[in-house]
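Survey of secondary and tertiary structure
Spelled out, the chains give:
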Amino acid sequence: MEKRQATVGAVEARHFQVGDLVDVLCDHNLGDQRVNDWLQGVVVQADYKMVAVQFNQDVYLTDGWMVPDRVLWARQDSDKIRLSVKRRIRRRKG
Amino acid sequence: MATRTVSRRGREVRRKGPVEFPFTEQDVRQISQRLQEPKWLAQRRMQAWEAFQAAPLPSVKEEAWRRTDLSGMPSDRFILAPADSLRVDPHLLEPLAAEQHGALLVLQPGAPPRLEGDPGPEDSGVVLADWATAVQRHPALLKKHLGTVVDHGEGKFAALAAALAEHGVLVHVPPGVQVGQPLHSVLWAPGGEKGFFSRVLVVVEAGATATYVHETASPTLGDNGAAADHPTMHAGTVEILLGEGAQLTFVELQNWGEHVWNFTHERARVGRSGVFNWIFGSVGSRLTKNFSELSLEGEGAEGRMSGFYFADGNQHLDHDTQQNHLAPHTTSDLLFKGALVERSRSVWQGMIYVAPGAQKTDGYQANRNLILSKQARADSIPGLEILADDVRCTHGATVSQLEEEPIFYLMSRGLPRREAEQLVVEGFFAPIMQRIPFEAVRQRLEAVIDRKLGGGV
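Small disclaimer: the values here were computed from a predicted structure and weren't measured.

A look at the packing of helix α7 (residues 404-411) of chain B against helix α8 (residues 417-433) of chain B
All names here are of chain B. Between α7 and α8, the shortest axis-to-axis distance is 9 Å and the interhelical angle comes to 125 degrees. Classified by the angle their axes make, α7 and α8 are oblique. α8 is crossed by α7, and the crossing has right-handed handedness. In this structure, α7 uses Glu404, Pro406, Ile407, Leu410 and Met411 to contact α8, whose residues at the interface are Arg417, Ala420, Glu421, Leu423 and Val424. For the contact of α7 with α8, the class distribution of residues is seven nonpolar, no polar and three charged.

Re the pattern of salt bridges
Going through the model one piece at a time under the given rule, you end up with 33 salt bridges over all chains. Notably, a salt bridge pairs Arg413 of chain B with Asp69 of chain A, separated by 2.6 Å at the nearest N-O pair. Here the residue Arg413 of chain B occupies a position in the loop between α7 and α8, and Asp69 of chain A occupies one in the loop between β4 (59-60) and β5 (71-75), the pair thus bridging two chains. Measuring nitrogen to oxygen at the nearest pair gives 3.3 Å for the salt bridge that ties Glu193 of chain B to Arg77 of chain B. Pair noted here: Glu193 of chain B is in the loop between β5 (183-188) and β6 (195-204) and Arg77 of chain B is in the loop between α2 (39-54) and β1 (104-107), with a separation of 116 residues, a long-range link. Residue Glu193 of chain B is classed as partly exposed on the basis of its relative accessible area of 28%. When salt bridges with common partners are traced through the structure, they connect Lys49, Arg75 and Asp77 of chain A together with Glu426, Glu446 and Asp450 of chain B into a single cluster.

A few points about the pairing of strand β2 (residues 33-46) of chain A
Residues and elements named next belong to chain A. Looking at chain direction, strand β1 (residues 21-30) and β2 are connected through ten bridges and run antiparallel. Paired with Asn29 across the bridge in β2 is Arg34. In this antiparallel pair of consecutive strands, β1 and β2, the connection spans two residues, and Gly31 shows a positive phi of 65 degrees. Pairing between β2 and strand β3 (residues 50-54): four bridges, direction antiparallel. Across the sheet, residue Val43 finds its bridge partner in β3, namely Val53. Linking β2 back to β3 in an antiparallel pair, the connection comprises three residues.

What about the packing of aromatic side chains?
As enumerated under the stated definition, the model contains 18 aromatic pairs over all chains in all. Between Trp49 of chain B and Phe52 of chain B, the aromatic rings sit 5.3 Å apart at their centres with planes inclined by 35 degrees, giving tilted as the arrangement. Of this pair, Trp49 of chain B and Phe52 of chain B both sit in helix α2, separated by three residues, roughly a single helical turn. Judged by centre distance (5.3 Å) and plane angle (45 degrees), the rings of Phe276 of chain B and Trp278 of chain B are tilted. Considered together, Phe276 of chain B and Trp278 of chain B belong to a single accessibility category, that of buried residues. Over the ring of Tyr60 of chain A we find Arg34 of chain A; its NZ or CZ atom is 3.4 Å from the centre of that ring.

Regarding helix α1 (residues 25-34) of chain B
Residue pairs spaced three or four apart in an α-helix point in one direction, given the helix's 3.6 residues per turn. Residues and elements named next belong to chain B. Residues of α1 that are buried include every one of Asp27, Val28, Ile31 and Ser32, and no others. Taken end-on, α1 shows its buried residues confined to a sector of 130 degrees, consistent with a single buried face. Of the exposed residues in α1, those oriented more than 90 degrees away from the buried face are Gln33 and Arg34. The elements touched by buried residues of α1 are α2 and α5 (156-164). Looking one or two residues past α1, Gln36 carries a phi angle of roughly 50 degrees, positive in sign.

Quick word on the sheet that holds strand β7 (residues 209-217) of chain B
Residues and elements named next belong to chain B. One open sheet holds the ten strands; their spatial order is β2-β1-β5-β7-β9-β11-β13-β15-β17-β20, and the pairing between them is mixed. Of all the strands in the sheet, the pair left with one neighbour each is β2 (114-116) and β20 (392-401). For this sheet, the mean angle separating the axes of adjacent strands, direction not counted, is 10 degrees. Strand direction decides the pairing type here: strand β17 (residues 362-371) and β20, joined by ten bridges, are parallel. The partner of Tyr364 across the bridge, within β20, is Thr394.

What counts, and at which threshold
In this numbering scheme, every chain counts its residues from 1 along its sequence in written order. All chains are assigned letters beginning with A, and all ligands numbers beginning with 1, in the order in which they are written. Local features are withheld for residues below a pLDDT of 70 in this predicted model, meaning they are given only at 70 or higher, and side-chain atom pairs are given and counted only at 80 or more; totals for whole chains, interfaces and linings count all residues. Side-chain calculation: all heavy atoms of the structure are included, whereas hydrogens and water are not. Lines are fitted to the C-alpha atoms to define the axes, a helix being fitted only along its stretch in contact, and any angle between axes, read from their N-to-C directions, falls within 0 to 180 degrees. Going along the chain from the N terminus, every DSSP run of H or I of four or more residues is numbered as a helix, and every run of E of two or more is numbered as a strand. These descriptions rest on fixed angle ranges, namely under 35 degrees for roughly parallel, over 145 for roughly antiparallel, 65 to 115 for roughly perpendicular, and the rest for oblique. Each crossing is labelled by how the near helix is turned from the far one, with a counterclockwise turn of less than a right angle marking it left-handed and a clockwise turn marking it right-handed. We call two residues in contact whenever any of their non-hydrogen atoms come within 4.5 Å of each other. When residue character is reported, Ala, Val, Leu, Ile, Met, Phe, Trp, Tyr, Cys and Pro are called nonpolar, Asp, Glu, Lys and Arg charged, and the others, Gly included, polar. The term salt bridge refers to a pairing of a side-chain nitrogen on Lys or Arg with a carboxyl oxygen on Asp or Glu at a separation within 4 Å. Note on classification: 1.4 Å probe, protein chains only; a residue is buried when its accessible area is under 20% of the maximum for its type, exposed when over 50%, partly exposed between these limits. One requirement defines pairing of two strands: DSSP has to find at least two bridges between them. Ring geometry is summarised as follows: Phe, Tyr and Trp rings, the Trp one being its six-membered ring, pair when their centres sit within 6.5 Å, and such pairs are stacked at plane angles under 30 degrees, edge-to-face over 60 and tilted between the two. Placement of a positive charge over a ring is assigned whenever Lys NZ or Arg CZ falls within 6 Å of the ring centre and within 35 degrees of the normal to the ring plane. This arc is built from the directions going out from the helix axis to the C-beta atoms.

Okay, structure coming up:
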């Protein structure tokens, strides 16, 4: 008789905290083109469920609308957010 | 002369009536002998057995069962047998709260019960015991209280549980004792084509305080309809007594596999100035019929009932609640919230009863349902029966679908639709989740929501 495990789920560990440098899979500009790729940002708010990430360039929804304050939200367990693999990218001054 | 050939299609053969259960009087006697029960308890079992035999299987002609049809229940396939030896889901054994790891009692029919930790300081007299231990060491408690809250005459399944229960939990908190750590018990009963029966008796004496979590669970058997091929049943009773000024938080989580037909009769009797906080979580089983009754018997008693249910597939969850105000200045507050996906169905039928003379009573009941699939259905039937003239009783019921506006706002922050919908559903349940005093339990339930939404929205 085939069995599968009980329907209770695992308790997810908390992943991201405020200040973490993260990459988010989102629509943004690369040169002259709009791309859907990983973009670096900083976690500006986080709880056990949600993360808010601030970017320093324009980001867009999948239907093309720009997100005004460059803040995207994601669930803590979303596969569209990960700890950044690159060092912090400094903004050009002036 | 040419002859015409008339072909006739035979009618589908249908069962004419309910199928008999395979249990016998000999089963009742054997259970009683195995537990080495005293004569009075063995006699009570036999009385319950007689009540079970005398009662017909509930039918949709009865009001309480009008929306829950048992005619398809394969009663003849439920055999008294030990549970499979599958190890207990480790998530059920985790501490309820990081800094609060009280006593844990694990019951698995066919295996010795396991008690970890101490229910309270050694000299406090707090009892958290499995049924065999309760029968041997605490017969006076059982004799005094067992069956005084839920009588075996209340229904066929209450009688069946009283006659055949071999597993159960006794919780006793002596007068004035404050139990700091939560008490936790788990009934884990994996297996197909079996019948499991349990009893829970909780007695919190005058001035005592406790928190108790009771979980019933099993894994679903197989996929692709295999669950229907190996039906199993559970019938149980839960009896709760709160003395004068006692306080109890009771969290009850039902996560049976989706092959289990589950029936429970539960009642809490709250004494003068007692405070009872009752929290239900119901996410499992093929079919559940649950009778829960809160009886506020002493002046100034308070009770809160918070229910959470989430059904998917072909699940049918039926909760029948009753809030009895039997004394003046009593307060009850009921909130049941449920979500349904796929072809599942829920029934909530609630009643507030105010007895003559129970003046200055404040009773409230609300049932909110979220329908997430076209084929899902929720029936919500609130009711009031008031026989006093200076009371405040209100009720409400809603059945609704996901609103687009909050989903739009979440999507405007880059969340995919699916995640946005999950968040809105979690927000819908938040008022109930906040009443569960353990983070680990909340997160487990949220994980169940996520899993069920994975196949639903």
